[in-house]
Amino acid sequence: MAADKIIYGNIYTVDREQPRAAAAAIADGRFVYVGDEAGAKAYIGSGTEVLRYDGGMILPGLGEGHGHVGPGGTEALFTVHLNLFGTLEDHLAAVKEFAEKHPELDVIQGAGFVPTPDMGPDGPTADLLNGVTDKPVVLADMGHHSYWVNHAAMDRLGIDKNTPDVSDGIIVRDAKGNPNGYFREGAMDLLKPLTVFTVEQYKQGFLYYQEEYLAHGETLVLDPIINWDGTDNAAQACHELDVDGKLKMHVYAAYQVFQAEGHDTMAEIEHAAELRERTKGPMFEVSNIKIQLDGGFPGNPSTAYMKEPYTDPWSQEHQHHGQLRLDMETLTAVFKRSHELGFTVHVHAIGDGALAMTLDAIERALAETGPHDYRDAVTHLQVVDKADIPRMAKLGVVAVTDPHWFDKTPEFDPMIVANIGEERAANQLPMKSFFDAGVVVSSASDYPVINPAYPLVGMQKGVIRQLPGRSETLHNPGERVTIEQMIEATTLNEAYQLLCDDRLGSITVGKEADLVVLDQDITTCDPEHIADATVLRTMVGGSWVYIHA
Ligand SMILES: [Zn+2]
């Protein structure tokens, strides 16, 4: 049989049966031969493209286990970027300039602020945005766990003193009970009507992301909240791109369901199943149900759900553990119904309390439905009780870790220590412990929380757990993993997480031909230079989708 393409080089297959190879042959989009050079000769025909890459490295296509492509892509194209470490003045100037430059926009959206002392004791307020623009302004914080909005935004939506509180979030109010312009967690939902993008805008956003990340070797991604703005527009956009043959990356999506006022959790799962059938195609599928079980930290108050209370004075006084957005009964029902409909469940759990509760819910659901290979996943995993790790292994729960977060940021660390105390801060964000316990570990960035979020950067950080050359940023070095573990987490285990390891994730005969060619061997280079490797080519389904100029 003549192959369409044959590649010679240093092939790292991520296939345990045959970890290294010197040649791979590809026909009809799949690997038809993986082995030594001599064996590949039989596949050379008159039309075979033969390429040789000596000195570099060939890996399976790289994956992203939790990247908000839709919101990130549209955010990059249609919103203002706030400087993470900027002052209030910087933010106001940026919003004003952006609003003046974009008279075509009806709402000014932005992201990337951190509440800072210069915003006053009440944190970010609508009053601070007075005079910047007459249009509604909606600004997300760096972690997308709160919105800071102006009076025009609240006026447009009729949000005022009489707007009732929500059970899964916080409407911050002034002394008179008026919403002050800061909406946390579930309260953000109230503003969602102002954050809707059109199908066309999402198409542009996905293509923008795809072009940038194919050039960094990424061929597989989970968009963990495809209904970010409360619409099906992002799913529809992916579907249309897929039908038109423009989706070059494998995009899996999760549909987020809620338990709060105005939501019917079970009906939302049914809707996701209907959306899956309506939009499923060769490169796109709504395959997961997403649960946002808790929030995050640092905050005022923090919202990640912890077994032990936060350590700041207010939290100590109130025995504040954080905030859950679903109760046990609903969470268990979500697992049950999702499993019945063939969905994997993807849970956001930042606090150890949220992880333990997730595992309890899975146990209860499986007691009724019986064990099955569901590949439920928990992500972020910032504070983890070691006692829960073996439970993850036993229940077959995938740990979707965030190596991109594995360094100590001098700007944030004091805030985190104040919130959760020295010990929990020092032990944050494990990875090695999951591998050691036999948990399947994959890798994610939470893009655009991390932006850019290139896979090689994540791999490097998982190995060194600091910024290159900056030892003061070293964080929890006992949880460093090997480059081989990072490669597995970024390739085969991503495919495992997304239930497509039967056809993706390794360079194995019969699997779809997704691969990336690097100019250096990242298993032998100085770990501080893993991220300096250049992607020379990226292949998806046997076609070159990126070639380095
Ligand atoms: Zn996320």
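Residues numbered from 1 in each chain as written. Predicted model: local features only at pLDDT ≥ 70, side-chain atom pairs only at ≥ 80, totals over all residues. Heavy atoms only, no water.

## Section: the overall build of the protein chain
Defined as follows: Think of it this way: any DSSP run of H or I at least four residues long counts as a helix, any run of E at least two long counts as a strand, and we number them from the N terminus. Here the globule rule reads 2.2 Å times residues to the power 0.38, and the radius of gyration is calculated from C-alpha atoms. Summary of the burial criterion: residues with accessible area below 20% of their type's maximum are buried, those above 50% are exposed, and those between are partly exposed, where the area comes from a 1.4 Å probe applied to protein chains only. Whether two residues touch is decided by their heavy atoms; if any such pair falls within 4.5 Å, the residues are in contact. Areas reported here follow the Shrake-Rupley algorithm with a probe of radius 1.4 Å; residue values treat only the protein chains shown as occluding. The sign given to each residue is positive for Lys and Arg and negative for Asp and Glu; His and the chain ends receive no count. Here the site of a charge means NZ on Lys, CZ on Arg, CG on Asp, or CD on Glu.
For the protein chain, the helix and strand inventory stands at 17 helices and 21 strands. Its C-alpha atoms give the protein chain a radius of gyration of 23 Å, within 12% of the compact-globule value 24 Å for 549 residues. In terms of overall dimensions, the protein chain has a C-alpha envelope of 80 × 55 × 50 Å along the principal axes. Burial status across the protein chain gives 61% buried among its 549 residues. The contacts of the protein chain with a sequence gap of at least 6 include a subset with a gap of at least 24, amounting to 73%. With the model as given, the accessible surface of the protein chain reaches about 20600 Å², and the carbon-plus-sulfur share is 52%. Here the protein chain holds 41 positive side-chain charges and 82 negative ones, and the gap between their average locations is 3 Å.

## Quick word on the coordination of the zinc ion
Put simply, the rule is: Listed donor atoms are N, O and S within 2.8 Å of the metal (Na, K and Ca: 3.2 Å). As water is not included, a site may look incomplete.
Only H66 (NE2), H68 (NE2) and D446 (OD) from the protein reach the zinc ion as donors, at distances of 2.1 Å. Look at where the donors of the zinc ion fall in the sequence and you get H-x1-H-x377-D. Highlighted residues: H68 in the loop between β5 (62–64) and α2 (69–78) and D446 in the loop between β18 (441–443) and α15 (455–464), separated in sequence by 378 residues.

## Structural notes on the side chain of E494
Where we set the bar: The salt bridge definition used is simple: a Lys or Arg side-chain nitrogen within 4 Å of an Asp or Glu carboxyl oxygen.
When you line up the elements, E494 lands in helix α17 (residues 492–497). Of the side chains with opposite charge, R375 comes closest to the buried, unpaired E494, at an N-O distance of 11 Å. In this view, E494 contacts G63, E64, G65, L220, S442, S443 and A489; residues no more than four positions away in its chain are not counted.

## Re the pairing of strand β21 (residues 543–547)
Put simply, the test is: Between any two strands, at least two bridges found by DSSP are needed for them to pair.
For strand β20 (residues 535–540) and β21, the ladder comprises four bridges, and the chain directions are antiparallel. When the sheet's bridge partners are listed, R537 is paired in β21 with I547. Following β20, the chain reverses through two residues before pairing antiparallel with β21; G541 in that reversal takes a positive phi of roughly 55 degrees.

## Brief notes about the packing of α15 against helix α16 (residues 483–490)
As a reminder of what qualifies: What counts as an axis is a line fitted to C-alpha atoms, over the stretch in contact for a helix, and the angles between N-to-C directions run from 0 to 180 degrees. An angle counts as roughly parallel when it lies under 35 degrees, as roughly antiparallel when it exceeds 145, as roughly perpendicular when it falls between 65 and 115, and as oblique in every other case. In a left-handed crossing the near helix is turned counterclockwise from the far helix by less than a right angle, and in a right-handed crossing that turn is clockwise.
Between α15 and α16, the shortest axis-to-axis distance is 9 Å and the interhelical angle comes to 140 degrees. On the basis of the axis angle, α15 is oblique to α16. Of the two possible hands of crossing, α15 and α16 adopt the one that is right-handed. Listed contacts from α16 to P455, G458, M459, G462 and V463 of α15 are I483, M486, I487 and T490.

## Quick look at the packing of aromatic side chains
This is how the line gets drawn: Each Phe, Tyr or Trp ring, with Trp reduced to its six-membered ring, pairs with another whose centre is within 6.5 Å; inter-plane angles below 30 degrees give stacked pairs, above 60 give edge-to-face pairs, and intermediate values give tilted ones.
Inspection of the entire model under this criterion finds 11 aromatic pairs. When the centroid spacing of 5.6 Å and the interplanar angle of 65 degrees are considered together, the rings of Y213 and Y447 count as edge-to-face. Here Y447 lies in the loop between β18 and α15 and Y213 lies in helix α5 (residues 199–214), a separation of 234 residues in the sequence. Taking the relative accessible area as the measure of exposure, Y213 reaches 0% and is therefore buried.

## Structural notes on the packing of α5 against helix α6 (residues 233–243)
What counts, and what does not: Any residue outside Ala, Val, Leu, Ile, Met, Phe, Trp, Tyr, Cys, Pro, Asp, Glu, Lys and Arg is labelled polar, Gly included; the first ten of those are nonpolar and the last four are charged.
Contact geometry of α5 with α6 gives a least axis separation of 8 Å together with a crossing angle of 65 degrees. Where α5 crosses over α6, the handedness of that crossing is right-handed. Touching V199, Y202, K203, F206 and L207 of α5 are N233, A234, Q236, A237, C238, E240 and L241, all from α6. Here the residues of the contact of α5 with α6 sort into eight nonpolar, two polar and two charged.

## Considering the environment of V400
Structurally, V400 can be placed in strand β17 (residues 398–401). Using a relative accessible area of 0% as the deciding quantity, one classes V400 as buried. For the pair V400 and V441, spaced 41 residues apart in sequence, the C-alpha separation works out to 6.0 Å. Filtering out sequence-adjacent residues up to four positions away, V400 remains in contact with G65, H66, H346, A377, V378, T379, H380, L381, S442, A444 and Q497.

## Overview of the sheet that holds strand β15 (residues 344–349)
Taken in spatial order, the eight strands make up an open sheet running β5-β12-β13-β14-β15-β16-β17-β18, and their pairing is parallel. On the outer flanks of this sheet lie β5 and β18, each paired with one strand and no other. Recorded for the sheet is a direction-independent mean angle of 25 degrees between the axes of neighbouring strands. Across four bridges, the pairing between β15 and strand β16 (residues 377–380) is parallel. Residue pairing for β16: V347 is matched across the bridge by V378. Each of β14 (284–292) and β15 touches helix α9 (residues 328–340); the most contacted strand, β15, lies at about 150 degrees to it.

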